[in-house]
Amino acid sequence: MDRIRIVGGNQLNGVIPISGAKNAALPLMIAALLTDETLILDNVPRLADVALLQRILGNHGVDIMSAGKRPGDHEYQGQTLHISAANIIDTTAPYELVSKMRASFWVIAPLIARCREAKVSLPGGCAIGTRPVDLLIMALDKLGAKLAIDAGYVVASAPDGLTGAGIDFPKVTVSGTHVAMMAASLARGTTVITNAAREPEIADVADCLNKMGARISGAGTSRIVIEGVKKLHGARHQVLPDRIETGTYAMAVAMTGGDVLLTGARPELLQAALDVLIEAGTTITPTNEGIRVARNGAGISPVDVATAPFPGFPTDLQAQLMALMTRAKGTSHLTETIFENRFMHVQELARFGARIQLDGETATIEGIDKLRGAPVMATDLRASVSLVIAALAAEGETMVNRVYHLDRGFERLEDKLSACGATIERISG
Ligand code: EPZ
């Protein structure tokens, strides 16, 4: 199993190219199931989760061709996937695959909408909380699907197709909104989703679906209206930049000090996080090429932040902000409101000497001057990268174990950081 070795203490200076967003690429790939024509996706990040979803879609009979680099392409440019679901040979998504990646449960939406049947394993437990799928099932039920749970599988059918409906989510849910939007695209009549998630990845998927012939308006707001169409067709779409990767590197620079240009990043995708970084003493400058992040001389100021659905501070940056606050000049409070139990990084950050106390959903972090490197590991992607951020500023050597979590969501992390002066290397085996 690969590990990452980091010797802390170097500032970060230079340029980091931001990849396409994992959390847009995954639903976009799943949306390809909605049509028998080819969907071409550009700027798809090269991540373990993308590769796994390719396998899962392959199981349904989807052909995916990934175009290689062309002469003149930048080495960090994402890949282009040509995805063809002309022949869906199997509408079952088995436990062995769905349990490896929760988002693959979302195939239930295009399968029921296009094939009128689906049998998809319940995703099961997850390191960051219980994460049920009741709201996804509620949305499909509203659209007229017949649903039953049998031996750990959701068995869904809609022999006469789906019918547009009002779907009012009692809680903001990204997964629920994706599923409702995809399924409603091929339903008869109009669907109105209220209290919809407003995450930029929802708007990106809606853009792509509209290019495929869907009639969706309001994506990116809390009210989405979908006029169902009979058929969708092929299209070409570029995945939007990854706001969580952007925020992660911005926090790494805030942690080490230095000056880095995050190319391709778009500030409007993470304004709440950038505002917090400014409050913490970082200089953020939007440029034509991306976002410039700098911290020179000034220390890190403490902040009080609660995670919230977009446009609030993202839960996917909570662990990284906590790592940063371990070295603030004063006491910070971070409250996690989206997922219970998304605090596994607390115990690992303590191994660097960090002083963190947990009380229910709130962590109190007392900043200290120096962290000390240590062997660490984490059980989810964002928690793992928070350990990398701590390690970059810690005295001495840190060994981050279980690197496969990082590989799920960060493309060429060690290359991007070492190009900016970090001492970081992957140790294979
Ligand atoms: C998406 O997960 C992201 N995953 C997560 O990113 C992200 O943390 C999360 O949204 C919140 O922003 C992808 O996009 C692939 P939700 P999702 O449905 O869609 C509860 C990462 O590190 N809920 O918005 O699964 C749920 O338990 C990941 O990249 C129900 O109760 O999140 C949670 O408390 C991790 N019933 C809340 O809603 C349901 O049926 C929000 O979940 C569905 C959700």
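1. Observations regarding the packing of aromatic side chains
Summed over the entire model, instances satisfying the criterion amount to zero aromatic pairs. Between the NZ or CZ atom of Lys119 and the centre of the ring of Tyr153, over which it lies, the distance is 5.0 Å.

2. Concerning the environment of Asp415
Residue placement: Asp415 occurs in helix 14 (residues 413–418). Residues Asp415 and Ile16 lie 399 residues apart in sequence; the distance between their C-alpha atoms is 9.5 Å.

3. Structural notes on the pairing of strand 23 (residues 397–401)
As paired elements, strand 1 (residues 3–7) and strand 23 share four bridges and run antiparallel to each other. Directly across from Val7, in strand 23, lies its bridge partner Glu397. The pairing of strand 22 (residues 375–377) with strand 23 spans three bridges and is classified as parallel. Pairing of Met377 across the sheet is with Asn401, part of strand 23.

4. Examining the domain arrangement of the chain
Under the domain assignment used here, the chain contains domain 1 (3–16 + 242–427) and domain 2 (90–229). Using only C-alpha atoms to locate each centre, domain 1 and domain 2 end up separated by 32 Å. Taken residue by residue, the interface counts 13 residues in domain 1 and 12 residues in domain 2. By the criterion of area lost to domain 2, the three top residues of domain 1 are Arg243, Phe310 and Phe339, representing 42% of everything that side buries. We note a salt bridge from Arg243 to Glu201, for which the minimum N-O separation is 2.8 Å. At the boundary of domain 1 with domain 2, the tally comes to two residue pairs in polar contact (both at pLDDT 80 or more).

5. Section: the sheet that holds strand 20 (residues 355–359)
In sheet architecture, strand pairing relies on hydrogen bonds along the backbone and comes in two forms, parallel and antiparallel. Taken in spatial order, the four strands make up an open sheet running 18-19-21-20, and their pairing is mixed. Sheet topology places strand 18 (304–306) and strand 20 at the edges, where each strand pairs with a single neighbour. Averaged over all neighbouring strand pairs, the angle between strand axes comes to 15°, with direction disregarded. Bridging between strand 20 and strand 21 (residues 362–366) involves five bridges; their strand directions are antiparallel. What sits directly across from Arg355, in strand 21, is Glu366. Against the sheet, helix 10 (residues 318–325) contacts strand 18, strand 19 (331–335), strand 20 and strand 21, and its axis sits at roughly 170° relative to strand 19.

6. A word on the packing of helix 5 (residues 134–142) against helix 6 (residues 174–185)
Helix packing geometry: the angle between the two helix axes and the distance between the axes. The contact between helix 5 and helix 6 brings their axes to 8 Å, and the two run at 20°. One finds that helix 5 runs roughly parallel with respect to helix 6. Here helix 5 runs over helix 6; the crossing is right-handed. On helix 6, the residues touching Leu136, Ala139 and Leu140 of helix 5 are Ser175, Gly176, Val179, Ala180 and Ala183. Looking at the contact of helix 5 with helix 6 residue by residue, the classes come out as six nonpolar, two polar and no charged.

7. Considerations on the state of the cysteines
Under the definition given, this model contains zero disulfides. No disulfide involves Cys208; its nearest neighbouring cysteine sulfur is the one of Cys115, lying 18 Å away.

8. A short note on the site of the ligand
The full set close to the ligand counts 23 residues, and Asp134, Ser175, Asp316, Ile338 and Arg382 are the nearest of them. Arg131 has a polar side-chain atom sitting 2.9 Å from an oxygen atom of the ligand. One of the backbone nitrogen or oxygen atoms of Pro132 is found 3.2 Å away from an oxygen atom of the ligand. Contact with the protein chains removes 89% of the 840 Å² of surface that the ligand exposes when unbound.

9. Re the pattern of salt bridges
Close approach of charged atoms lets side chains of opposite charge pair. Using the criterion set out here, one finds 22 salt bridges in the structure. We note a salt bridge from Lys370 to Glu395, for which the minimum N-O separation is 3.6 Å. Placement of the pair is Lys370 in the loop between strand 21 and strand 22 and Glu395 in the loop between helix 12 (381–393) and strand 23, with a sequence separation of 25 residues. In this structure, Arg412 engages Asp415 in a salt bridge whose closest nitrogen and oxygen atoms are separated by 3.2 Å. Connected through shared salt-bridge partners, Asp2, Asp407, Glu414 and Arg426 make up one network.

10. Some words on unusual backbone geometry
Of note, the amide linkage connecting Phe310 to Pro311 takes the cis form, showing an omega dihedral of 10°. Even without glycine at this site, Asn43 takes up a positive phi of about 65°. Among the structural elements, Asn43 can be located in strand 3 (residues 38–44). Phi angles above zero are rare outside glycine, and Arg116 is one such case at about 70°. Here Arg116 lies in the loop between helix 4 (108–115) and strand 7 (117–121).

Rules used throughout
- Chains are numbered independently. Their residues run from 1 in the order of the written sequence.
- For this predicted model, a pLDDT threshold of at least 70 governs which residues receive local features, and a threshold of 80 or more governs which side-chain atom pairs are given and counted, while totals over whole chains, interfaces and linings are taken from all residues.
- To obtain the side-chain values, all non-hydrogen atoms of the structure were included, while hydrogens and water were left out.
- Stacked, tilted and edge-to-face pairs are distinguished by plane angle, under 30 degrees for stacked and over 60 for edge-to-face with tilted covering the rest, among Phe, Tyr and Trp rings (Trp via its six-membered ring) whose centres lie within 6.5 Å.
- Cation placement over rings: the criterion is NZ of Lys or CZ of Arg within 6 Å of the ring centroid and within 35° of the ring normal.
- Secondary structure follows DSSP: runs of H or I at least 4 residues long count as helices, runs of E at least 2 residues long count as strands, and numbering of each begins at the N terminus.
- We treat two strands as partners when DSSP finds at least two bridges between them.
- Here the limits of each domain have been adopted from an automatic or database domain assignment.
- By the convention used here, residues are in contact when the closest approach between their heavy atoms is within 4.5 Å.
- In short, buried area is how much 1.4 Å probe accessible area vanishes from two parts on joining, totalled over both.
- For this analysis, a salt bridge means a side-chain nitrogen from Lys or Arg found within 4 Å of a carboxyl oxygen belonging to Asp or Glu.
- N or O atoms closer than or at 3.5 Å make up a polar contact, with two conditions inside protein: a donor-capable atom paired with an acceptor-capable one, and, for residues adjacent in sequence, both atoms drawn from side chains.
- Axis lines are fitted to C-alpha atoms, over the contacting stretch for helices. Their N-to-C directions set the angle, which ranges from 0 to 180 degrees.
- Each angle is binned into one of four classes, with values under 35 degrees roughly parallel, values over 145 roughly antiparallel, values of 65 to 115 roughly perpendicular, and all other values oblique.
- Helix crossings fall into two classes, left-handed where the near helix is turned counterclockwise from the far one by less than a right angle and right-handed where it is turned clockwise.
- Under this grouping Gly is polar, as are all residues other than the nonpolar Ala, Val, Leu, Ile, Met, Phe, Trp, Tyr, Cys and Pro and the charged Asp, Glu, Lys and Arg.
- Disulfides are defined as cysteine sulfur pairs within 2.5 Å.
- What makes a residue near a molecule or strand is one non-hydrogen atom of that residue sitting within 4 Å of it.
- Only the protein chains shown count as cover for residues, and the accessible areas themselves come from Shrake-Rupley with a 1.4 Å probe.

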